[in-house]
Amino acid sequence: MGKVWMIASGKGGVGKSTVSAALAIALARHHRRVCVIDADVGLRSIDLMLGMENKTVFDLFDVSNGDSKLHEALVQHADYPQLHLLSTSQAEMPDAMKKEHLDKVLKSLKRQFDFVLIDCPAGIGSIVTDAGQLADNCILIATPDDMSLRDAERASSVLLENKQLEMHLVVNRVDRELIADGLTMQPS
């Protein structure tokens, strides 16, 4: 049975999708069966990062609405056959995804894959809180600036209210020169 990891951030633009794509490829290179779900409804980008753009025929909403089977919506990576992508809709509104539908999809994916990575949208909206209730682990991405760290702290508080997640923090874009000049914080 696979594990579900959500990759989240309190603030946008901190590298969450980049970390998701890099982690997916690293796991696939180690012969792990990986599925990445792009849960950033309306603003998906991980298909571009993985070089899988224009391959999606059906998406997460098609599966949850019963318009397609899960296997029809999974897109296999050309270079890493053990890596699959489940895209989300560009046309739907973020609140359109229902928790029970996501739960059903995740349960099926956990039987097929070693790792299911959910690339969440930024912030603490319903998709993020629902994923937090369904995931086993969370990687919270932040940058070493006041706004990002404050938003990461708030996101972690919200996520831990609902379920005891195993939480991990990644501080991205650390620049030693900016730290030395006192222009950014030292991660500790």
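Everything discussed here concerns the structure shown above.
Read on for an overview of the structure. (Residues numbered from 1 in each chain as written. Predicted model: local features only at pLDDT ≥ 70, side-chain atom pairs only at ≥ 80, totals over all residues. Heavy atoms only, no water.)

## Some words on the packing of helix α5 (residues 99–112) against helix α6 (residues 126–134)
Line of reasoning, step 1. Following both chains from N to C, one finds α5 and α6 inclined at 45°, their axes separated by 10 Å at the closest point. Classified by the angle their axes make, α5 and α6 are oblique. Considering only the axes of α5 and α6, their crossing is right-handed. Facing α5, whose interface residues are K99, L102, D103 and L106, α6 presents D130, A131, Q133 and L134.
Line of reasoning, step 2. Here the residues of the contact of α5 with α6 are counted per class, giving four nonpolar, one polar and three charged. (Axes fitted to C-alpha atoms, helices over the stretch in contact; angles between N-to-C directions. Helix = DSSP H or I, 4+ residues; strand = E, 2+ residues; numbered from the N terminus. Parallel < 35°, antiparallel > 145°, perpendicular 65-115°, else oblique. Left-handed = near helix turned anticlockwise from the far one by under 90°. Contact = heavy atoms within 4.5 Å. Nonpolar A, V, L, I, M, F, W, Y, C, P; charged D, E, K, R; others polar.)

## Examining the environment of K110
Line of reasoning, step 1. Within the secondary structure, K110 is located in helix α5.
Line of reasoning, step 2. K110 sits 75 residues away from C35 along the chain, and the two C-alpha atoms are 9.2 Å apart.
Line of reasoning, step 3. In contact with K110, not counting residues within four places along its chain, are M1, G2, V4, V116 and D136.

## Side note on the layout of surface pockets
Line of reasoning, step 1. Within this model, the largest pocket holds a volume of roughly 160 Å³.
Line of reasoning, step 2. Contributing to the lining of the largest pocket are V63, S64, G66, L70, H101, K104, V105 and S108.
Line of reasoning, step 3. Within the residue set of the lining of the largest pocket, elements represented by two or more residues are α3 (60–64) and α5.
Line of reasoning, step 4. Taken together, the residues of the lining of the largest pocket sort by class into three nonpolar, four polar and one charged. (1 Å grid on protein atoms, 1.4 Å probe; cavity = no way out; pocket = protein on both sides within 12 Å on 5 of 7 lines; lining within 4 Å. Points joined across faces, edges and corners; volume = space filled by probe spheres on them.)

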